[in-house]
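This is what each chain is made of:
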Amino acid sequence: PRWEPFSKVFLESRLSPLQSSSVAQILPKLKMHIGKNSAEANFFAVADLANIGDRVSWTLAFLGGTVATEKYFKTNGQAGGCASYHLTSGTLWVSASFAAENYAV
């Protein structure tokens, strides 16, 4: 996908401090910045596309967005992995206990 200027990026907690720092340093060159939380982001930096954390997975399922590896950000899309998700249609019903245990959702 094409970089969108002024996009907000959420740094997944599974990124190492070095990976997080690396992504944070490249974002100004891409005219992007770090978002305050996953719900306001439209790009997500992750350590491994095959092992995306629950918070990012749920956010992508409900709000859509693009998830990419550190290498994808660093190489401006020339290497690394990236996937885009579109909004889920319909309604998802969850129990009160699920909602309590998964407040970020």
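Treat the numbers as computed from the prediction; the structure is a model and nothing was measured.

Analysis parameters
Position labels on residues start from 1 in each chain and follow its written sequence. Residues qualify for local features only when their pLDDT is at least 70, as the model is predicted, and side-chain atom pairs are given and counted only at 80 or more; totals for whole chains, interfaces and linings, by contrast, use all residues. To get the side-chain values, all heavy atoms of the structure are used, and hydrogens and water are removed first. Where helices and strands are cited, they refer to DSSP runs of H or I of at least four residues and of E of at least two residues respectively, numbered from the N terminus. Every radius of gyration here is taken over C-alpha atoms, with the globule rule written as 2.2 Å times N^0.38, N being the number of residues. Using a 1.4 Å probe on the protein chains alone, a residue whose accessible area is under 20% of its type maximum counts as buried, one over 50% counts as exposed, and one in between counts as partly exposed. Seen with its strands pointing away from the viewer, a crossover is right-handed when the path leading from the first strand over the helix to the second is clockwise. The arc refers to the directions leading from the helix axis to the C-beta atoms. Two residues form a contact once any of their heavy atoms are found within 4.5 Å. Here the aromatic set is Phe, Tyr and Trp, taking the six-membered ring for Trp, and pairing holds for ring centres within 6.5 Å; pairs whose planes are under 30 degrees apart are stacked, those over 60 apart are edge-to-face, and all others are tilted. The working definition used for a salt bridge is a side-chain nitrogen of Lys or Arg within 4 Å of a carboxyl oxygen of Asp or Glu.

### A few points about the overall build of the protein chain
A tally of helices and strands in the protein chain yields 4 helices and 5 strands. Secondary structure of the protein chain in N-to-C order comes out as β-α-β-β-α-β-α-β-α. The globule rule puts the C-alpha radius of gyration for 105 residues at 13 Å, and the 14 Å found for the protein chain is close to it. Overall size of the protein chain, expressed as C-alpha extent along the three principal axes, is 45 × 25 × 25 Å.

### Considerations on the pairing of strand β3 (residues 43–46)
Neither face of β3 is exposed, since F43 and A45 on one face and F44 and V46 on the opposite face are all buried. For the crossover from β3 across helix α2 (residues 54–63) to strand β4 (residues 65–69), the handedness is right-handed.

### So, α2
Inspection of α2 places V56, T59 and L60 among the buried residues, and these make up the whole buried set. One side of α2 carries all its buried residues, which in axial view fall inside an arc of 100°. Contact partners of the buried residues in α2: β1 (8–11), β3, β4 and β5 (82–85). Just past α2, the residue G64 takes up positive phi, approximately 80°.

### Observations concerning the packing of aromatic side chains
The description of an aromatic ring pair uses the distance of the two centres, along with the angle that the planes make with each other. Per the counting criterion, the structure on display carries 3 aromatic pairs. When the centroid spacing of 6.2 Å and the interplanar angle of 65° are considered together, the rings of F10 and F44 count as edge-to-face. Taken together, the positions of F10 in strand β1 and F44 in strand β3 put the pair 34 residues apart, joining distant regions of the chain. F44 matches F10 in its accessibility class, with the two residues each being buried.

### Things to note about the environment of V46
In this fold, V46 is placed in strand β3. Sequence separation of V46 and E70 is 24 residues, and the distance between their C-alpha atoms is 6.7 Å. Non-local contacts of V46, meaning those with residues more than four positions away in its chain, are made with E12, L15, V56, V67, A68, T69 and E70.

### Some points on the pattern of salt bridges
This structure, assessed with the given rule, holds 2 salt bridges. Between E40 and K8 there is a salt bridge whose closest N-O contact spans 3.8 Å. Residue E40 is located in the loop between β2 (33–34) and β3, and its partner K8 is located in strand β1; the two are separated by 32 residues in the primary sequence. Classification of K8 as partly exposed rests on a relative accessible area of 30%.

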